[in-house]
Amino acid sequence: MTAAFMDLVDVTIVNIAIPSIERDLGASFGAIQWVTAGYALAFAAGLITGGRLGDIYGRKRLFLIGITGFTVASALCGLAADPAMLVGSRLLQGAMAALMVPQVLAIIHVTFPAHERGKVFGMFGAVVGLGAVSGPLLGALLTQWNLFGLEWRPIFLINLPVGVAGVVLGRRFITESRAPKALRLDLVGVVLVTAALLMLIYPLTRGRELGWPLWGHLCMAGSLVVLTGFVAYERHKTRKDGSPLVELSLFRVKSFAAGVAVQLTFGVALGIFFLVWTLYMQIGLGWSPLRAGLTGVPFSVAVSVAAGLSVQKLVPRFGRKVLQAGALTMVAGLLLYIWEAGRYGLEIHSWQMALPLVVMGLGMGLIVAPLTDAVLSGVPREHSGSASGLINTTQQMGNALGLGLVSVVFFGVVDDRLATGGAGATGAADAASPMGATSAAFADGFQHALWWVVAVLAVIFAVMFALPARPQEHTEAEAKEAEEGARGTEAADGAVVGAR
């Protein structure tokens, strides 16, 4: 839980400090995208491998290696002297997170029986919410305070004490586990899946800066060919020695296949929203990091509350309807946000954003915790590491895709508005205000990007129909309770007979 908290805080804390990093290091928008997308890309590319390594060499061992490396990479990020060093350190940080994070869900999966996992994932959801609350606030405060004249650097350095605590606690309390049968690492599979991800995400992220060159389009098309080759090779590897990087048999489990599809598209939505939202508030509206961070508090609190309630109270009773209600609730919040952003323009206040953010947060909380619960419900214990890696990979790949798409759905609109003097949906008056054409362009780009997020959530809602009506854990728990109840009745009958 400590590791999951640290990973989530690291993602959200960086978003709020992006404008400060841009000013201090003189970084371009492309470099800023790589500070976030580079982490997501390295994370996504290594998660499948990290999950499988945990199955082979021990989940506790890989967890401790990952959290140690993550802590060291955080120190390097905090000491970065230029954008290139920061991006490189973020790539290392993402790679170490890829070793650490898959072990979190895998350790939960193998440690707790099915009927107890719902409670554990409820706690996991609360930690997710706490991380979502803490990240923006910590980022805002640390950036605003400018501790020891370090500007934005404490947002990374704060990981050091948390990481050290995670290593100490992990060594003492986590029990080692691995796959029951001996497996070997599929190096060819590692190369193929990493290449496919890089060929897709890199051109998306760099394309706008480079003028969308032909090689970028060829790379993105070629990634599908490499991915097809990867699937064919994994089938061959399964027949040859039973040690593929990805257990393709997992996709025969309906709940897993559908859940992975939802994770991918949900990651795209989050990747677009959070980066664009930060740029809109701090560059478009000219708000300080502290004001932007405090504006996000209602959203984070709503996520935390809904995540805790959804797994323990709602999903056992209503099943997948809870997740679908979450998607529709997020759409309602986004539509309200789009209306308010258009209605109030550059004069919008933090309190006016509170209602749409609370609605969105409640919707997100209804999805994040129970989704993981549902996806893992039918997975065999021996493949828990591989499955956990796949779940995290698809969400992070979606996140990296979303961050890459920011070039198209946000910066594309910003560039067009600036080319026409800033006039757009916010109006010419806004463009002529003291905040200037850039502010109006960013506000228009924000609204345009939110429509994309609405479209992605509509897709998520439709895909959720493929999820099981009720997660397997809860049906197992009910069967167990019924069985225990029957045993109790039999024992009582036996006692009555004995007494006679």
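Q: Even after reading the chapter, I still don't get empty space enclosed by the protein, so can you show me in this structure?
A: Remark: the empty space left among the atoms is shown by a probe the size of a water molecule rolled over them. In the structure shown here, the tally under the stated rule is one cavity of 30 Å³ or more. If you go around the largest cavity, you meet 46 residues; those closest to its centre are Leu 8, Val 11, Leu 270, Gln 395 and Gln 396. With 10 residues, helix α10 (residues 254-284) is the single largest residue contributor to the lining of the largest cavity. Considering only residue class, the lining of the largest cavity consists of 29 nonpolar, 15 polar and two charged.

Q: Sorry, what's going on with the packing of aromatic side chains here?
A: The relation between two aromatic rings is expressed through the spacing of the ring centres and the mutual angle of the planes. This model, assessed by the stated rule, comprises 15 aromatic pairs. Between Tyr 39 and Phe 43, the aromatic rings sit 5.7 Å apart at their centres with planes inclined by 55 degrees, giving tilted as the arrangement. Highlighted residues: Tyr 39 and Phe 43, both in helix α2 (residues 29-57), separated by four residues, approximately one helical turn. Tyr 39 sits in the buried class, given a relative accessible area of 2%. With a centroid separation of 6.1 Å and 90 degrees between ring planes, the pair formed by Trp 152 and Phe 156 is classed as edge-to-face. Grouping residues by exposure puts Trp 152 and Phe 156 together as buried. Among the aromatic residues, those joined into a cluster by ring pairs are Phe 273, Phe 274, Trp 277 and Phe 299. Above the plane of the ring of Trp 287 lies Arg 291, whose end atom (NZ or CZ) is 3.9 Å from the centre.

Q: Sorry, what's going on with a nonpolar patch on the surface here?
A: The grouping of Val 72, Leu 76, Leu 79, Met 85 and Leu 92 at the surface amounts to a nonpolar patch, some 410 Å² of accessible area in total. Breaking the nonpolar patch down by element, the ones donating at least two residues are α3 (59-78) and α4 (83-111). Looking at the secondary structure, you find Leu 92 in helix α4. For Leu 92, a relative accessible area of 34% translates into the label partly exposed.

Q: Before we go on, may I ask you to explain helix α12 (residues 297-318) in this structure?
A: Since there are 3.6 residues in each turn of an α-helix, residues three or four apart along the chain are aligned in direction. A maximum bend of about 55 degrees is found in α12 at Ser 310. Burial in α12 covers these residues: Phe 299, Ser 300, Ala 302, Val 303, Ala 306, Ala 307, Ser 310, Val 311 and Val 315.

Q: Just checking my understanding: could you explain the layout of surface pockets for this structure?
A: Considering only enclosed or pocket space, the largest pocket measures out at about 530 Å³ in volume. Met 1, Ile 107, Ile 108, Phe 173 and Ile 174 are the residues nearest the centre of the largest pocket, which is lined by 21 residues in total. Elements with a minimum of two residues in the lining of the largest pocket: α1 (2-25), α4, α5 (114-145) and α7 (159-173). The dominant element in the lining of the largest pocket, judged by the number of residues it contributes, is α4, at six residues. Across the lining of the largest pocket, the residue classes break down as 13 nonpolar, seven polar and one charged. In this structure, the second largest pocket spans a volume of roughly 440 Å³. Of all the secondary-structure elements, those providing two or more residues to the lining of the second largest pocket are α8 (187-210), α9 (214-241), α10 and α15 (384-409). Among the elements that take part in the lining of the second largest pocket, α9 stands out by supplying six residues, more than any other. Of the residues contributing to the lining of the second largest pocket, the split by class is 17 nonpolar, three polar and one charged.

Q: Teacher, can you tell me more about the environment of Ala 179 here?
A: Summarising the element assignment, Ala 179 is placed in the loop between α7 and α8. In this structure Ala 179 comes out as buried when scored by relative accessible area, which is 9%. Remark: the alpha-carbon pair of Ala 179 and Tyr 57, spanning 122 residues in sequence, is separated by 8.7 Å.

Q: It is not clear to me how helix α14 (residues 350-376) should be interpreted in this structure. Could you clarify?
A: Counted at 1.5 Å a residue, the expected span for α14 with its 27 residues is 39 Å, and the 38 Å between its end C-alpha atoms agrees. Burial analysis of α14 places 21 of its 27 residues in the buried class, which makes it a mostly covered element.

Q: Would you mind going over the confidence of the model for the chain with me for this structure?
A: Detailed reading of the predicted coordinates is not advisable wherever pLDDT falls low. Predicted confidence across the chain gives a mean pLDDT of 80, with 87% of residues reaching 70 or more. By mean pLDDT, the top-scoring element of the chain is α3 (94), and the lowest-scoring one is helix α19 (residues 472-499) (42). With pLDDT under 50 throughout, residues 474-500 is counted as low confidence; its partners more than four residues away or in other chains account for 11 contacts.

Procedures and definitions
Per chain, residues are indexed from 1 in the order of the written sequence. Local features are withheld for residues below a pLDDT of 70 in this predicted model, meaning they are given only at 70 or higher, and side-chain atom pairs are given and counted only at 80 or more; totals for whole chains, interfaces and linings count all residues. The basis for every side-chain value is the complete set of non-hydrogen atoms in the structure, without hydrogens or water. Each cavity reported here is a set of points on a 1 Å grid over the protein atoms alone in which a 1.4 Å probe fits but cannot get out, each pocket an open set with protein on both sides within 12 Å along at least five of seven lines, and each lining residue one with an atom within 4 Å of a point. Grid points are joined across faces, edges and corners, and a volume is the space filled by probe spheres set on the points. Helix and strand assignments follow DSSP, with helices taken as H or I runs no shorter than four residues and strands as E runs no shorter than two, numbered in order from the N terminus. Under the convention adopted here, Pro, Cys and the residues Ala, Val, Leu, Ile, Met, Phe, Trp and Tyr are nonpolar, Asp, Glu, Lys and Arg are charged, and Gly plus all remaining residues are polar. Within 6.5 Å between ring centres, the rings of Phe, Tyr and Trp (the latter by its six-membered ring) count as paired, and their orientation is classed by plane angle as stacked under 30 degrees, edge-to-face over 60, tilted in between. Type-normalised accessible area, obtained with a 1.4 Å probe on protein chains alone, sets the label of each residue: buried when under 20%, exposed when over 50%, and partly exposed for intermediate values. As a reminder, the over-ring test applies to NZ of lysine and CZ of arginine, requiring each to be within 6 Å of the ring centre and within 35 degrees of the ring normal. Like charges are joined within 9 Å and nonpolar side chains (Val, Leu, Ile, Met, Phe, Trp, Tyr) within 5 Å, but only among residues with over 30% relative accessible area and no salt bridge; these make up the patches. For the accessible areas, the method is Shrake-Rupley and the probe is 1.4 Å, while residue cover comes only from the protein chains on display. Think of a salt bridge as a Lys or Arg side-chain nitrogen and an Asp or Glu carboxyl oxygen that are within 4 Å of each other. For a residue, the bend is simply the angle between two axes, fitted respectively to the seven-residue segment ending there and the seven-residue segment starting there. Expected span of a helix: the number of residues minus one, times 1.5 Å. pLDDT gives the predictor's per-residue confidence on a scale running from 0 to 100. Contacts between residues were defined by any pair of non-hydrogen atoms, one from each residue, lying within 4.5 Å.

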